[in-house]
Each structure stands twice: as C-alpha cells, then as structure tokens.
Amino acid sequence: MANKLHNPSTIAPPARNLYAHGVEAAKNSRHLYVAGQVGVRPDGTVPESLEEQTEQMMENIRAILASAGMDFADIVKFNAYCMSAADIITYAGIRNRHFAGVQTATTAVVVSGLANPAWKVEADVIAARQD
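The structure presented is a predicted model; accordingly, all values stated were derived computationally and were not measured.

Chemist: Just to check I follow, could you spell out the sheet that holds strand 5 (residues 105–110) for this structure?
Modeler: Adjacent strands of a sheet pair through backbone hydrogen bonds, lying either parallel or antiparallel. The mixed open sheet is built from four strands, whose spatial order is 3-6-4-5. Of all the strands in the sheet, just strand 3 (30–38) and strand 5 have a single pairing partner and so form its edges. Looking at each pair of strands side by side, their axes are set apart by 10 degrees on average, direction ignored. Examined bridge by bridge, strand 4 (residues 75–82) and strand 6 (residues 121–129) share seven bridges and lie antiparallel to one another. The residue of strand 6 that forms the bridge with Ala 80 is Ala 123. Strands in contact with helix 2 (residues 85–99) are strand 4, strand 5 and strand 6; relative to strand 4, the strand with the most contacts, it is inclined by about 150 degrees.

Chemist: Looking at this model, I keep getting lost on the confidence of the model for the protein. Mind explaining?
Modeler: Atom-level detail of predicted coordinates should not be read off regions where pLDDT is low. For the protein, mean pLDDT is 93; residues scoring 70 or higher make up 98% of the total. Highest mean pLDDT in the protein belongs to helix 1 (residues 50–67) (98); lowest belongs to strand 2 (residues 22–24) (86).

Chemist: Help me out: how do you make sense of the nonpolar core in this one?
Modeler: For soluble globular proteins, nonpolar side chains are generally found buried alongside one another. The biggest cluster of nonpolar side chains holds 22 residues, and the ones touching the most others in it are Ile 61, Leu 65, Ile 75, Phe 78 and Tyr 91. Going through the elements one at a time, strand 3, helix 1, strand 4, helix 2 and strand 6 are the ones with two or more residues in this core. Residue contacts for Tyr 91: discarding those within four places in its chain leaves Thr 54, Met 57, Phe 78, Ala 80, Cys 82, Thr 106, Ala 108 and Val 121. Core analysis: the second largest hydrophobic core is formed by five residues, Ala 20, Val 76, Ala 105 and Ala 128 among them.

Chemist: Would you explain the side chain of Thr 104 in this entry?
Modeler: Structurally, Thr 104 can be placed in the loop between helix 2 and strand 5. Separated by 3.3 Å, the side chain of Thr 104 and the backbone nitrogen of Lys 77 make a polar contact. Other than its neighbours up to four places away in sequence, Thr 104 contacts Tyr 19, Ala 20, Val 23, Ile 75, Val 76, Lys 77, Phe 78 and Phe 99.

Cut-off values and rules
- Residues numbered from 1 in each chain as written.
- Predicted model: local features only at pLDDT ≥ 70, side-chain atom pairs only at ≥ 80, totals over all residues.
- Heavy atoms only, no water.
- Pairing = 2+ DSSP bridges.
- Helix = DSSP H or I, 4+ residues; strand = E, 2+ residues; numbered from the N terminus.
- Axes fitted to C-alpha atoms, helices over the stretch in contact; angles between N-to-C directions.
- Contact = heavy atoms within 4.5 Å.
- pLDDT = per-residue confidence, 0-100.
- Core = buried A, V, L, I, M, F, W, Y, C linked by side-chain atoms within 4.5 Å.
- Buried < 20%, exposed > 50% of the residue type's maximum accessible area, 1.4 Å probe, protein only.
- Polar contact = N/O pair within 3.5 Å; in protein donor to acceptor, adjacent residues only side chain to side chain.

Structure below.
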C-alpha cells in the first residue's frame, strides 16, 4: 500500500489541489525525520536571494532523501518557515516544481527570524516509504 491521502469532502478542499490535508503512511513503512534544512551550499556559502536559497534547500532535502533511498514522493509532511507572507508565494512556487504534482501534508509559517540572519527560508520533512 502506498501512502494514502486524506481530503474529506466535509471540509474545504486543499488550495489548488497542491497538497493534502492529511497523509497516512503505509503500514510497516520506514520513517525518515529530516531536521530543518536551509539554503546553505555544500561549501558552506549562503546564496543571497530567497529563490536561490529555496532551490538549494530543496536540493539539500533531495540529497537527504536519496541517502535513505527515498524521493519527494515519499514525503508525508513538509513544514516551511518563511520571513514574510510574500516569501511563502515564492517558496511555494519552487516547492511545487520540485514536487511535480506529488501531494503531501504541508504547512507554511511566517516567522520573525531563523537561527542565522542570512537565512531566508527553512523546512523540515517527514518521509515514509514501504520497501
């Protein structure tokens, strides 16, 4: 059984059908809990723009998933932390491209700051895969 989406007809549907209200991990799945990832390049540098940081953050998440034999389709929960509501729109456009139609439970939150003032976006992930 693959991960199962839960979008009950008794509540408003997910906006533009880009995420799911709930995702149930398949029975006997392996779970991967990914700590907050930011747009830091492998050499430790931080891109200046939100777009570049978001792209790098997504690549960092992709690399962690791959190390566990997973990909974006295995993500059941994606939490993002942005510095403004406008930043959520930019981040979400990039996220949606990386997810390429995969729906996951998603939350985006506006925060007043991240651990490093140079960081503009952060995300943590829970993934589950049944082998």
